[in-house]
Amino acid sequence: QVQLVESGGGLVQSGGSLRLSCAASGRIFSIYVMGWYRQAPGKQRELVADITSGGTTNYADSVKGRFTISRDNTVTLQMNSLKPEDTAVYFCYAEGYDDRIYWGQGTQVTVSS
């Protein structure tokens, strides 16, 4: 029903920036929330940021002031002042008004010190 495709991951030095994008296709009218989770080796998957169809945003405390999420039919995560602890696989997700949840395939972000 909804397909999510991420782009923009890569390798960056500490203090640098990356921009992640997640393009949604299919029944995009049904999406209420879009955002990003991340999972580092040995750690649980955690919510990084999300945004509702009305523009309400939510950020993990660890990224507040550094990351910014925005949305149209593509959700964008602007990541500034990156730290090595931001290294993880980042997964785009979308939640529908019917509580269905969809996941992207993941994109690797690596921050070197």
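Each remark here, short or long, concerns the structure printed above.
These numbers come from a predicted model, not from an experiment.

Peer 1: So, the overall build of the chain: which residues are in play, and what are the values?
Peer 2: Across its full length, the chain holds 0 helices and 11 strands. Its helices and strands in sequence order give the chain the pattern β-β-β-β-β-β-β-β-β-β-β, from N to C terminus. Against the globule reference of 13 Å for 113 residues, the chain gives a C-alpha radius of gyration of 13 Å, in line with a compact fold. Each principal axis of the C-alpha distribution contributes one length, and for the chain these read about 40 × 25 × 20 Å. By residue count, 42% of the 113 residues in the chain fall in the buried class.

Peer 1: Run through the sheet that holds strand β3 (residues 18-26), naming residues and quoting values.
Peer 2: Read from one edge of the open sheet, 4 strands run β1-β3-β8-β7, paired in antiparallel fashion. Edge positions in the sheet fall to β1 (2-7) and β7 (67-71), since each of these pairs with one other strand and no more. Direction aside, the axes of adjacent strands within the sheet are offset by 15° on average. Taken together, the 6 bridges between β3 and strand β8 (residues 74-79) define a ladder with antiparallel strand orientation. For Leu-20, the partnering residue across the bridge sits in β8 and is Leu-77.

Peer 1: Talk me through the packing of aromatic side chains; I want residue IDs and the actual numbers.
Peer 2: Here the structure, examined in full by the defined rule, presents 4 aromatic pairs. Between Tyr-37 and Tyr-93 the ring centres are 5.1 Å apart and the planes differ by 70°, which places this aromatic pair in the edge-to-face class. Of this pair, Tyr-37 sits in strand β4 (residues 31-39) while Tyr-93 is found in strand β9 (residues 88-96), placing the two residues 56 residues apart along the sequence. Residue Tyr-37 is classed as partly exposed on the basis of its relative accessible area, which comes to 23%.

Peer 1: Give me the nonpolar core: which residues, what numbers.
Peer 2: Judged by nonpolar contacts, the single largest core of 30 residues is most densely connected at Leu-4, Met-34, Trp-36, Leu-77, Met-79 and Tyr-90. Of all the elements in the fold, those that place two or more residues in this core are β1, β3, β4, β5 (46-52), β7, β8, β9 and β11 (107-112). With near-sequence residues (within four places) excluded, Leu-77 lies in contact with Leu-18, Arg-19, Leu-20, Trp-36, Val-48, Ala-49, Phe-67, Thr-68 and Ile-69.

Scoring rules and cut-offs
- Residues numbered from 1 in each chain as written.
- Predicted model: local features only at pLDDT ≥ 70, side-chain atom pairs only at ≥ 80, totals over all residues.
- Heavy atoms only, no water.
- Helix = DSSP H or I, 4+ residues; strand = E, 2+ residues; numbered from the N terminus.
- Rg over C-alpha atoms; globule rule 2.2 N^0.38 Å.
- Buried < 20%, exposed > 50% of the residue type's maximum accessible area, 1.4 Å probe, protein only.
- Pairing = 2+ DSSP bridges.
- Axes fitted to C-alpha atoms, helices over the stretch in contact; angles between N-to-C directions.
- Phe/Tyr/Trp six-rings, centres within 6.5 Å; stacked < 30°, edge-to-face > 60°.
- Core = buried A, V, L, I, M, F, W, Y, C linked by side-chain atoms within 4.5 Å.
- Contact = heavy atoms within 4.5 Å.

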